[in-house]
Amino acid sequence: MFYHIKDLQFNARVSKPDPRFANILLEQFGGENGELAAAMQYFTQAIGAKMPHPDKYDMLMDIAIEEFSHLEIVGATIQMLLKGVNGELKDAADQSEIMLAMDGSDARESLIHQALKANPQFDILSGGGPRLTNSQGIPWCASYIHSNGDLTVDLRSNLASESRAKLVYEHLMKFTDDPYVKDTLSFLMTREVAHYKMFEAALSTIEPNFPPAVLQADPRFTQQYFNMSPPESVKGPWNEGEMPNMGKDWNYIEDPIAYVASTKGQTELPQDMSKEMAQTEKLDKKMSKLKSEEVKVADPEGVAQWSNYASNVSDTLDKPVTSTAKNADATIKNKKNK
């Protein structure tokens, strides 16, 4: 259940109309790295996390709903930046906010042309309001959403999403001189950083979380680094020394062509990996059982019910949540410890 508070999370303000920047800001309204994309990504991820990870469900829903509030902030800012561009232009042109930005009919016509040049849809399709498109008028698309059904994969996607969104806001601030708008963009950018740290912390509570999903990496090919930029490749911790958090060293292959040929397409490797392969197979079975139990135990018995309604609001606030999902989470943790 969503409950809409009409006051914004951050009080968006605009000192004067700027249809050019309003169009650019659409990138964060209906673009692939925008607030709607973030809200829908975390919302859909939360649905799948509800049973096996009820605590992460709570976090994802909180952040998703905050992203919806950010969408409203961006939309409100766009609307204010477009004051005087809608169908009531002649009346609006006499208002003090518009008069500060214009001087006579020539300037008024210039503002109209500026808006239409930036995005004709403002005046033709939306009547001077934001639409779910990016800055080029391309409609928002569900393909922007990354929701893979494995929480460790989803959380890593979210780290990348928050990083991209932070960068977009940073770039947007270069294209406006309005101090009020910059304040709003700075707030939104900072919340991306905060969300990044939330997702990072959540990922650290899931063990094991590498490699993602269930099956382990094939030990025959995990450590190889192929020098695909001959004659020499730049050396660094990504191809020499110990692999990060793996307890194994990189195997630097200087001449990939000769190596592949000599191993008959890597089907006859020089080192015996039978012991490692057996350990991997054993771990695959263990993880498969664990992940399967994680889902099965989380499924409620009898009639499926998403919510357990308390008799009144105070019960909800005062009493700890008890649910099949929460019990399942505890069961899984106990199994892992064993």
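Residues numbered from 1 in each chain as written. Predicted model: local features only at pLDDT ≥ 70, side-chain atom pairs only at ≥ 80, totals over all residues. Heavy atoms only, no water.

Caption draft 1: Here's a closer look at the overall build of the protein chain. What the protein chain contains, in helices and strands, is 14 helices and 2 strands. When the 338 residues of the protein chain are sorted by exposure, 38% land in the buried category. Pairs at least 24 residues apart make up 75% of the contacts formed inside the protein chain by residues separated by at least 6 positions. Accessible surface, the protein chain as shown: approximately 20000 Å² in total, 56% of it carbon and sulfur. (Helix = DSSP H or I, 4+ residues; strand = E, 2+ residues; numbered from the N terminus. Buried < 20%, exposed > 50% of the residue type's maximum accessible area, 1.4 Å probe, protein only. Contact = heavy atoms within 4.5 Å. Areas by Shrake-Rupley, 256 points an atom, 1.4 Å probe, with all protein chains shown as cover.)

Caption draft 2: Focus on the layout of surface pockets. In this structure, the second largest pocket spans a volume of roughly 340 Å³. Lining the second largest pocket are 14 residues, with Q216, A217, M246, K248 and L283 sitting closest to its centre. (1 Å grid on protein atoms, 1.4 Å probe; cavity = no way out; pocket = protein on both sides within 12 Å on 5 of 7 lines; lining within 4 Å. Points joined across faces, edges and corners; volume = space filled by probe spheres on them.)

Caption draft 3: Focus on the packing of aromatic side chains. Taken as a whole and judged by the stated rule, the model has 8 aromatic pairs. Note on Y225 and Y252: the rings are 5.8 Å apart at their centroids and 10 degrees apart in plane angle, and the pair reads as stacked. With a gap of 27 residues between them, Y225 in strand β1 (residues 224-226) and Y252 in strand β2 (residues 251-253) connect regions that are remote in the sequence. Aromatic pair F226 and Y259: ring centres 6.3 Å apart, planes at 65 degrees, arrangement edge-to-face. Of this pair, F226 sits in strand β1 while Y259 sits in helix α11 (residues 256-262); the two residues are 33 residues apart in sequence, bridging distant segments of the chain. Look at Y259 and you get buried, because its relative accessible area is 14%. Three or more aromatic residues link up through ring pairs in this structure, and these residues are F2, F43 and F68. The ring centre of Y57 lies 5.3 Å from the NZ or CZ of K50, which sits over that ring. (Phe/Tyr/Trp six-rings, centres within 6.5 Å; stacked < 30°, edge-to-face > 60°. Lys NZ or Arg CZ within 6 Å of the ring centre and 35° of its normal.)

Caption draft 4: How the structure looks around the packing of helix α4 (residues 54-81) against helix α10 (residues 179-204). Running from N to C, α4 and α10 point in directions that differ by 165 degrees, and their axes come no closer than 11 Å. The orientation of α4 relative to α10 falls into the category roughly antiparallel. At the point where α4 passes α10, the crossing takes the left-handed sense. Contacts between α4 and α10 involve K56, M59, L60, I63, E66, E67, H70, I73, V74, T77 and L81 on the former and, on the latter, V181, T184, F187, L188, R191, E192, H195, M198, F199 and A202. In the contact of α4 with α10, the residues fall into 12 nonpolar, 4 polar and 5 charged. (Axes fitted to C-alpha atoms, helices over the stretch in contact; angles between N-to-C directions. Parallel < 35°, antiparallel > 145°, perpendicular 65-115°, else oblique. Left-handed = near helix turned anticlockwise from the far one by under 90°. Nonpolar A, V, L, I, M, F, W, Y, C, P; charged D, E, K, R; others polar.)

Caption draft 5: How the structure looks around the environment of A298. Mapped onto the secondary structure, A298 falls in helix α12 (residues 274-298). Its relative accessible area of 1% is what places A298 among the buried residues. With 246 residues separating them in the primary sequence, A298 and P52 have C-alpha atoms 5.4 Å apart.

Caption draft 6: Spotlight on the environment of Q9. Considering the arrangement of structural elements, one finds Q9 in the segment before α1 (19-25). Residue class for Q9 comes out partly exposed when judged on its relative accessible area of 42%. In this structure, the C-alpha to C-alpha distance between Q9 and F187, residues 178 residues apart in sequence, is 9.9 Å. Residues in contact with Q9, not counting those within four places in the same chain, are E66, S69, H70, I73 and F187. Polar side-chain contacts of Q9 include one of 2.9 Å to the side chain of H70. (Polar contact = N/O pair within 3.5 Å; in protein donor to acceptor, adjacent residues only side chain to side chain.)

Caption draft 7: Spatial organisation of the packing of helix α3 (residues 35-49) against helix α9 (residues 151-172). Following both chains from N to C, one finds α3 and α9 inclined at 165 degrees, their axes separated by 11 Å at the closest point. Of the possible angle classes, the one that applies to α3 and α9 is roughly antiparallel. Between α3 and α9 the crossing geometry is left-handed. Counting all contacts with α3, which are made through E35, Q41, Y42, Q45 and A49, the residues of α9 involved are L151, D154, S157, N158, S161, E162 and Y169. For the contact of α3 with α9, the per-class residue count stands at 4 nonpolar, 5 polar and 3 charged.

Caption draft 8: Looking closely at unusual backbone geometry. Of note, the bond from E207 into P208 is cis; its omega dihedral lies within 30 degrees of zero at -10 degrees. Position of P208 relative to the elements: it lies in the loop between α10 and β1. Of note, the amide linkage connecting F210 to P211 takes the cis form, showing an omega dihedral of -10 degrees. Residue position: P211 is located in the loop between α10 and β1. The residue N245 is not glycine, and still its phi comes out positive at about 60 degrees. Here N245 is to be found in the loop between β1 and β2. By relative accessible area, which is 82% here, N245 ends up exposed. A positive phi is found at K264, a non-glycine position, where the angle reads about 50 degrees. Along the chain, K264 falls in the loop between α11 and α12. Overall, the relative accessible area of 55% leaves K264 in the exposed class.

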